[in-house]
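Chain by chain, the residues:
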There are 2 protein chains.
Amino acid sequence: MNLHELLAELREANSTKIVLVVADGLGGLPLEPGGKTELEVARTPHLDACARDGVCGLSIPVLPGITPGSGPAHLALFGYDPLEQRIGRGILEALGINFSIGPRDVAARGNFCTVDEAGRITDRRAGRPSTERCVQLCQLLQRIRVPSVEVFVEPVREHRFVLVLRGNNLGDQLNDTDPQALGVPPLEPVGRDEPSCHTAVAVAHFLAEVRQCLAEYAPTNAVTLRGFARHPAIVPLGEFTGLRCAALAVYPMYRGLARLVGMTILDAGQSLTDQVEALKQAWQAYDFFFLHYKYTDSTGEDGNFAAKVEMIERLDAEIPRIRALNPDVLIVTGDHSTPSKLRSHSWHPVPTVLVAKTARPDRVTEFGEEACLRGGLGQFAAQHLLPLALAHAGRLGKFGA
Amino acid sequence: MNLHELLAELREANSTKIVLVVADGLGGLPLEPGGKTELEVARTPHLDACARDGVCGLSIPVLPGITPGSGPAHLALFGYDPLEQRIGRGILEALGINFSIGPRDVAARGNFCTVDEAGRITDRRAGRPSTERCVQLCQLLQRIRVPSVEVFVEPVREHRFVLVLRGNNLGDQLNDTDPQALGVPPLEPVGRDEPSCHTAVAVAHFLAEVRQCLAEYAPTNAVTLRGFARHPAIVPLGEFTGLRCAALAVYPMYRGLARLVGMTILDAGQSLTDQVEALKQAWQAYDFFFLHYKYTDSTGEDGNFAAKVEMIERLDAEIPRIRALNPDVLIVTGDHSTPSKLRSHSWHPVPTVLVAKTARPDRVTEFGEEACLRGGLGQFAAQHLLPLALAHAGRLGKFGA
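Every value quoted in this text rests on a predicted model; they were computed, and no experiment measured them.

*Asks:* Any chance you could explain the pairing of strand β1 (residues 18–23) of chain A here in plain terms?
*Replies:* Every regular strand shows the same layout, with side chains that alternate between the two sheet faces. All names here are of chain A. Of all six residues that make up β1, six are buried, and the element is covered over most of its length. Neither face of β1 is left uncovered, since the one carrying I18, L20 and V22 and the one carrying V19, V21 and A23 both have all their residues buried. Pairing between β1 and strand β10 (residues 288–293): six bridges, direction parallel. Bridging across to β10, V21 finds its partner in L291. With five bridges connecting them, β1 and strand β11 (residues 329–333) associate as parallel partners. Pairing of L20 across the sheet is with I331, part of β11.

*Asks:* In this structure, what is going on with the interface of chain A and chain B? I would like to understand it.
*Replies:* Where interface size is quoted, it is often the accessible area lost as the parts come together. Contacts between the two partners involve 32 residues from chain A and, on the opposite side, 29 residues from chain B. Overall, the association of chain A and chain B removes approximately 2,400 Å² of surface from exposure, summing both partners, and the carbon and sulfur fraction of that is 63%. Connecting chain A to chain B are two salt bridges. The partner of R86 of chain A in a salt bridge is E9 of chain B, with the nearest N and O atoms 2.5 Å apart. Across the chain A-chain B interface, the total number found is 10 residue pairs in polar contact (both at pLDDT 80 or more). Elements supplying a minimum of two residues to the side of chain A that touches chain B: α4 (70–77), α5 (89–96) and α13 (369–372) of chain A.

*Asks:* Whenever I open this one, the packing of helix α3 (residues 45–53) of chain B against helix α12 (residues 305–323) of chain B confuses me. Can you help?
*Replies:* Each pair of packed helices can be described by the angle between their axes along with the distance between the axes. All names here are of chain B. Between α3 and α12, whose axes approach to 6 Å, the crossing angle comes to 50°. Judged by the inter-axis angle, α3 sits oblique to α12. Contact residues: P45, H46, L47, A49, C50 and D53 in α3; D316, A317, I319, P320 and R323 in α12. For the contact of α3 with α12, the class distribution of residues is seven nonpolar, one polar and three charged.

*Asks:* Where do I start with the environment of V62 of chain B in this structure?
*Replies:* Of note, V62 of chain B is situated in the loop between β2 (55–60) and α4 (70–77). Setting aside chain neighbours within four positions, we find V62 of chain B in contact with P68, P82 and L83 of chain B.

*Asks:* Would you mind going over the nonpolar core with me for this structure?
*Replies:* For soluble globular proteins, nonpolar side chains are generally found buried alongside one another. In this structure, I66 of chain A together with L20, L237, M263, F288, F290 and L354 of chain B are the most contacted members of the largest nonpolar core, which totals 64 residues. Broken down by element, this core gets its largest block of residues, six residues, from helix α14 (residues 385–392) of chain B. Ignoring sequence-local partners within four residues, the contact set of L354 of chain B consists of G54, V55, V329, L330, I331, A359, L377, L388, A389 and H392 of chain B. Counting residues in each nonpolar core, the second largest holds 54 residues, with L20, C245, A382 and L386 of chain A among its members.

*Asks:* Looking at this structure, I do not really get helix α6 (residues 131–141) of chain B. What am I missing?
*Replies:* Quick reminder: α-helices carry 3.6 residues per turn. Residues three or four places apart thus point the same way. Residue and element names in this part refer to chain B. Every buried residue belonging to α6 is among C134, L137, C138, L140 and L141, and all of these are buried. For α6, the buried positions fall inside an angular range of 150° around the axis, keeping them on one side. Relative to its buried face, α6 has exposed residues pointing more than 90 degrees away, namely E132 and Q136. At its buried positions, α6 is contacted by β3 (105–115), β5 (150–157), β6 (160–166), α7 (194–214) and β7 (222–229).

*Asks:* Sorry if this is basic, but what is going on with the relation of the copies chain A and chain B here?
*Replies:* These two copies of the chain differ by a rotation about an axis and a displacement along the same axis. Relative to chain B, chain A is turned by 125° and slid 0.1 Å along the rotation axis, the superposed coordinates differing by an RMSD of 0.2 Å. A rotation of that kind, with that shift, is consistent with a three-fold axis. Residue R374 of chain A, judged by its C-alpha, is the member of chain A lying nearest the rotation axis, at 4.0 Å.

*Asks:* Explanation requested: the sheet that holds strand β9 (residues 264–265) of chain A in the structure shown.
*Replies:* Across a sheet, strands are paired by hydrogen bonds formed along the backbone, either parallel or antiparallel in direction. Residues and elements named next belong to chain A. Ordered in space as β9-β8-β10-β1-β11-β12-β2-β13, the eight strands form an open sheet in which the pairing is mixed. Each edge of the open sheet is held by one strand with a lone partner, namely β9 and β13 (378–381). Packed onto the sheet, helix α3 (residues 45–53) meets β2 (55–60), β11 and β12 (350–356) and runs at close to 65° relative to β12. Against the sheet, α4 touches β1, β10 and β11, its axis set at about 155° to β1.

*Asks:* Would you mind showing me how to read the sheet that holds strand β1 (residues 18–23) of chain B here?
*Replies:* Residue and element names in this part refer to chain B. The eight strands are arranged β9-β8-β10-β1-β11-β12-β2-β13 in an open sheet whose pairing can be described as mixed. What marks the edges here is a single partner per strand, and that holds for β9 (264–265) and β13 (378–381). Docked against the sheet, helix α10 (residues 272–282) engages β1, β8 (245–248) and β10 (288–293), running at close to 175° with respect to β10.

*Asks:* Hey, could you run me through the packing of aromatic side chains in this one?
*Replies:* Note on aromatic pairs: each is described by the distance of the centres and the angle between the planes. Summed over all chains, the structure comprises 16 aromatic pairs over all chains. Members of the aromatic cluster, connected to one another through ring pairs, are Y251, Y293 and Y295 of chain A. The ring of Y251 of chain A carries R157 of chain A above its face, with NZ or CZ at 5.5 Å from the centroid. We note K294 of chain B situated over the ring of Y251 of chain B; from NZ or CZ to the ring centre the distance is 5.7 Å.

*Asks:* Mind showing me how you'd approach the pattern of salt bridges here?
*Replies:* Considering all chains together, one arrives at 34 salt bridges over all chains under this definition. Its salt-bridge partner being R363 of chain B, residue E370 of chain A comes within 3.5 Å of it at the nearest N-O pair. A residue pair is termed interchain when its members come from two chains, as with E370 of chain A in helix α13 and R363 of chain B in the loop between β12 (350–355) and α13 (369–372). Judged by its relative accessible area of 11%, E370 of chain A is buried.

*Asks:* Sorry, what's going on with the pairing of β2 of chain A here?
*Replies:* Residue and element names in this part refer to chain A. Within β2, six of the six residues are buried, which leaves the element mostly enclosed by the surrounding structure. Residue alternation in β2 divides its side chains into two sets, V55, G57 and S59 and C56, L58 and I60, and both sets are buried. Of the pairings in the sheet, the one linking β2 to β12 comprises five bridges and is antiparallel in character. For S59, the partnering residue across the bridge sits in β12 and is V350. The sheet contact formed by β2 and β13 spans four bridges and is parallel. Bridging from a neighbouring strand, L58 pairs with Q379 of β13.

Cut-offs and rules
Residues numbered from 1 in each chain as written. Chains lettered and ligands numbered in written order. Predicted model: local features only at pLDDT ≥ 70, side-chain atom pairs only at ≥ 80, totals over all residues. Heavy atoms only, no water. Buried < 20%, exposed > 50% of the residue type's maximum accessible area, 1.4 Å probe, protein only. Helix = DSSP H or I, 4+ residues; strand = E, 2+ residues; numbered from the N terminus. Pairing = 2+ DSSP bridges. Contact = heavy atoms within 4.5 Å. Buried area = accessible area lost by both parts, 1.4 Å probe. Salt bridge = Lys/Arg side-chain N within 4 Å of Asp/Glu carboxyl O. Polar contact = N/O pair within 3.5 Å; in protein donor to acceptor, adjacent residues only side chain to side chain. Axes fitted to C-alpha atoms, helices over the stretch in contact; angles between N-to-C directions. Parallel < 35°, antiparallel > 145°, perpendicular 65-115°, else oblique. Nonpolar A, V, L, I, M, F, W, Y, C, P; charged D, E, K, R; others polar. Core = buried A, V, L, I, M, F, W, Y, C linked by side-chain atoms within 4.5 Å. Arc of directions from axis to C-beta. Least-squares fit on C-alpha atoms with pLDDT ≥ 70 in both. Phe/Tyr/Trp six-rings, centres within 6.5 Å; stacked < 30°, edge-to-face > 60°. Lys NZ or Arg CZ within 6 Å of the ring centre and 35° of its normal.

In structure tokens form, the structure reads like this:
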């Protein structure tokens, strides 16, 4: 019996409200030995109050030592086994732009890039074109026809777009054409099984047309494709929990992830303040709210310690407005760590606080990596945060007699 | 997807060096309520410095409450699931003496023992004969012929030898003939499936010949056999990690374990000082070094608290020479606990420290069981130490988009 089946069996309905605030890449590292992390440096009176009122711990997104991408990291927070449910980047990107992916579709993430006369990549992001130019280029590519396959080319932003191929018997087991290097041409697509060979033939045909189409459009004169993926079979979060789930996310990928597990995507505006306002407006209509905050991750990826500290302080400032709604369970966590020291996602466990009347208090009085080590949740698999939320909301019955 | 497949998928090459120091049976217990463990009593300034500079925790070798033998305990430290990969003692012993085990072989650990006129065991170790005598006795037994099976009898040391039977369709599902008791005769071998019945017949034939052969050689006038095992199918450590792995172990069994997972066995000399010197010599040629230190276990097994403390202090004294090599990741742990109070392996979690620039600091300032409880690694499955080592060495890419 997997966790979903167990939760489905035990679930109980009530009128409680659960808010899951995901501060992307929340966990960090000190810059110097003996120093503090971004979260520990930040002045966070409201998150510290959560730590005092609730129970803290550290979440392990996938397994010790494993650094997750956004997809598996969020699926874990939504209660899925991230090793079992694998979501390709193409699907995430397609969901993020509201593209309605169907069972006959294979999606890939596309990048406009620059190639020289010999076809060798000189800029993997084509000098980051404007989003308007991206839209225009995609309109060009939308004219391409491929035998027996329907082609969709949809702009994302800057150099990024989504390619969707729709047809019969298309597999997704093919390599990225992005060589992840300069001075070499894009790779040829090769399928690893028969249905994926069909896809590879269609992709090769598409790419040949693209070369002609974009020849005069330097620096955006070529494309690379990666993360070919079909839509996974995934049981909706609402189905095994009985929760009416809503997502408040500004960035496309996180809306896509939420849609993937069947959440309703609300108009969340453009800022955290907008998101909290939207949360307030939607309060009566849903039971579970996923609120995604991007900037703790992007500042970490930029290696900007001070900016990450500031983004954490901005999040802290909004916490009182969320608590004013009186959620039965409020969780603040991250999907993974993004230490500015490493300028990337990392494997380090993620500080987590859960506030609920039913939480067993620990003696943690501030919200930080080191303090959370002494928290009542201990170090736990991220996948177990959802059952903890349901339990603290009184939404899980007894297992066995 | 199992852990090996995951690591194989995520692995990234770089030039980092990882050193895994396994102090066998490191964990302990206080002799008196309110007392300290061997490790806590020992003066360990250098291990304490590791704790201050790195991240600590406690490793659970197999599962809470499960006391491991050396085989599963080491396999877990090498990243294998010790419940899935079962290695019989016969295989370990054979590997430890450099015997080249093949797919048609079944190996068993043999002990010379003493029996009385009625064939009842009076000494399970035959008064611990000298290793020279063991060699002579094995030469005698090497003359034994068994129908349709090739027989190898190889000395180990003192009362211990290895028996290998080579033939077609030989199973390893048979009982030990060692009754683990005095005053009773050795047990008859019985196979639990058809191939193992073939083995049992060959073993019975061999044992009948042994009785004749050794009749006049009291006190070494009989043998017992245990741990019948075939060579397991095991994916080499180097294969799924990309690491060039070397072992520095003095004792045969640990060299055998390292060889089993495909490590190169280096000449490690006879002492810890020799081992560290060999480590230094081999530094450029390998990425991962397994350094095994036996005496923390043997003193624990002897129930000699003070001697175990001293052996820990000797290990501590060598730590600066290891750190002087500037490993990117240095781990000091044990394969299991061997509290001198219990005079045996135990299930208690094992103190562990990991030093790396990418480690998230905790506030642990000394290396001991109680201090490690507050460490940033928490209590973790021993199997996850390898992914943690790889992650801290920058040798694992991101999982999923």
